[in-house]
Amino acid sequence: MASGIEKIKVKLGPNIRKYRKALKLTQFELGVQADVTEDYIQALETGRSTPSMNFLGRLADALKVEPHELLM
C-alpha cells in the first residue's frame, strides 16, 4: 500500500503539469513566477520532490488555483 506522501506525489505532479499547460507556461516560466528553479518544477512534476505547505500555496497562486486543487 502506498504511503500518504506517495499518494500525494501521484496526484500532485500531473496536476501541476495540467494547470501549467492550461496557462501555457513552461517549467521555467512557472519557476520564475513561483520563485524556484525550473529543475525544482520538473522534480515536482515527476514526483521526485514534495513541496512544503508554504510552497504549495505559492505554487497554487502562480497556477491560479486553490492549493487543494493540486492534490485532487
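Refer to the structure above for everything that follows.
Worth saying up front: this structure is predicted, and the values here are computed from it rather than measured.

**Focus on the pattern of salt bridges**
- Across all of its chains, the model carries three salt bridges by this definition.
- The closest approach of N and O atoms between K9 and E6, which form a salt bridge, is 4.0 Å. Of this pair, K9 and E6 are both found in helix α1 (residues 4-22), three residues apart, which corresponds to roughly one turn of the helix.
- Look at K9 and you get buried, because its relative accessible area is 18%.
- The residue E45 makes a salt bridge to R20 at a minimum N-O spacing of 2.6 Å.

**Comments concerning unusual backbone geometry**
- Positive phi is not limited to glycine here, since K24 has a value of about 60 degrees.
- The topology assignment puts K24 in the loop between α1 and α2 (27-34).
- The backbone of D35 sits at a positive phi, close to 65 degrees, despite the residue not being glycine.
- Its location among the elements puts D35 in the loop between α2 and α3 (38-45).

**Overview of the environment of E29**
- Summarising the element assignment, E29 is placed in helix α2.
- Overall, E29 belongs to the partly exposed group, its relative accessible area being 35%.
- A sequence separation of 33 residues divides E29 from A62, and the C-alpha atoms of the two residues are 9.9 Å apart.

**Quick word on α1**
- In this model, α1 (19 residues) spans 27 Å end to end at C-alpha, consistent with the 27 Å of a helix rising 1.5 Å per residue.
- Regarding α1, the residues found buried are K9, L12, G13, N15, I16, Y19 and R20.
- Residues of α1 that are buried in the fold lie against α2, α3 and α4 (53-63).
- Of the residues trailing α1, K24 is marked for its positive phi of about 60 degrees.

**Thoughts on the packing of aromatic side chains**
- In this structure the tally under the stated criterion is one aromatic pair.
- Ring geometry for Y40 against F55: centres 5.4 Å apart, planes inclined by 65 degrees, an arrangement best described as edge-to-face. Residue Y40 is found in helix α3, and its partner F55 is found in helix α4; the two are separated by 15 residues along the sequence.
- The class of F55 is buried, set by a relative accessible area of 5%.

Cut-off values and rules
- Residues numbered from 1 in each chain as written.
- Predicted model: local features only at pLDDT ≥ 70, side-chain atom pairs only at ≥ 80, totals over all residues.
- Heavy atoms only, no water.
- Salt bridge = Lys/Arg side-chain N within 4 Å of Asp/Glu carboxyl O.
- Helix = DSSP H or I, 4+ residues; strand = E, 2+ residues; numbered from the N terminus.
- Buried < 20%, exposed > 50% of the residue type's maximum accessible area, 1.4 Å probe, protein only.
- Expected span 1.5 Å × (residues − 1).
- Contact = heavy atoms within 4.5 Å.
- Phe/Tyr/Trp six-rings, centres within 6.5 Å; stacked < 30°, edge-to-face > 60°.

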